[in-house]
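Here are the chains, one letter per residue:
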Amino acid sequence: VQLQASGGGLVQTGGTLRLSCAASGSTFNWYHMGWFRQAPGKERDFVAAVSRSGEVTSYADSVKGRFTISRDNANNTVYLQMNSLKPEDTAVYYCASGLQALQFMRISRMYNFWGQGTLVTVSS
């Protein structure tokens with residue numbers, strides 16, 4: 001599986017961005033999908049995840065109520081809608097796909113494939 005993330009950019013505080021992650025192959029709906037982010041000098045953190053069917057989602061407390069993850073299995077794409085952005089959301093955002101059990105969707109090391117990352121910068 002190859003993942004291609006896009007949609008990052010520079011936005012002001014309170015602004016919105018929509019990240020996309022396009023997956024290759026015909027087995028997209030086998031995988032849970034996650035978004036993680038890594039700020040400069042920090043470790044990679046969980047942001048959001050969605051189950052294979054799209055019925056189950058999970059969010060980090062820091063983005064709950066502001067970000068929405070969704071997926072389009074017909075088009076092999078997962079999205080991250082980011083609203084009310086804050087400077088602390090500035091990071092490189094990575095999408096990932098995994099075959100792990102549902103309860104492990106928030107754990108980065110359980111994911112099998114990673115995209116290249118897209119930079120989100122939120123100015124104050």
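Residues numbered from 1 in each chain as written. Predicted model: local features only at pLDDT ≥ 70, side-chain atom pairs only at ≥ 80, totals over all residues. Heavy atoms only, no water.

This paragraph deals with the nonpolar core. The biggest cluster of nonpolar side chains holds 34 residues, and the ones touching the most others in it are Trp 35, Leu 80, Met 82 and Tyr 93. Those elements that provide at least two residues to this core are β1 (3–6), β3 (17–23), β4 (32–38), β5 (44–50), β7 (67–72), β8 (77–82), β9 (91–98) and β11 (118–123). Considering each element in turn, this core owes the most residues, 5 residues, to β5. Not counting the four nearest positions on each side in its chain, Tyr 93 is found in contact with Leu 19, Trp 35, Phe 36, Arg 37, Val 47, Phe 67, Leu 80, Met 82, Gly 117, Thr 118 and Val 120. (Core = buried A, V, L, I, M, F, W, Y, C linked by side-chain atoms within 4.5 Å. Buried < 20%, exposed > 50% of the residue type's maximum accessible area, 1.4 Å probe, protein only. Helix = DSSP H or I, 4+ residues; strand = E, 2+ residues; numbered from the N terminus. Contact = heavy atoms within 4.5 Å.)

A few words now on the pairing of β1. Only one face of β1 is covered, namely the one carrying Leu 3 and Ala 5; the face carrying Gln 4 and Ser 6 has none of its residues buried. Sheet topology note: the β1/β3 ladder contains 4 bridges and is antiparallel. Looking at β3, one finds that Leu 3 is bridged to Ala 23. (Pairing = 2+ DSSP bridges.)

The next subject is the sheet that holds β8. Taken in spatial order, the 4 strands make up an open sheet running β1-β3-β8-β7, and their pairing is antiparallel. Two strands in the sheet have a free side with no partner beyond their single neighbour: β1 and β7. For this sheet the average axis-to-axis angle between neighbouring strands, irrespective of direction, equals 15°. (Axes fitted to C-alpha atoms, helices over the stretch in contact; angles between N-to-C directions.)

Close approach of charged atoms lets side chains of opposite charge pair. The full count for this structure, using the stated rule, is 3 salt bridges. One salt bridge in this structure joins Arg 37 and Asp 89, with 2.9 Å as the shortest N-O distance. In this pair, Arg 37 is assigned in strand β4 and Asp 89 in the loop between β8 and β9, connecting sequence segments 52 residues apart. Residue classification places Arg 37 among the buried positions, given a relative accessible area of 12%. A salt bridge links Asp 89 to Arg 66; its shortest N-O distance comes to 2.7 Å. Residue Asp 89 is located in the loop between β8 and β9, and its partner Arg 66 is located in the loop between β6 (57–59) and β7; the two are separated by 23 residues in the primary sequence. Taken individually, Asp 89 and Arg 66 each receive the classification buried, so the pair is uniform in this respect. Within this structure, Arg 37, Arg 66 and Asp 89 form a network of salt bridges that share partners. (Salt bridge = Lys/Arg side-chain N within 4 Å of Asp/Glu carboxyl O.)

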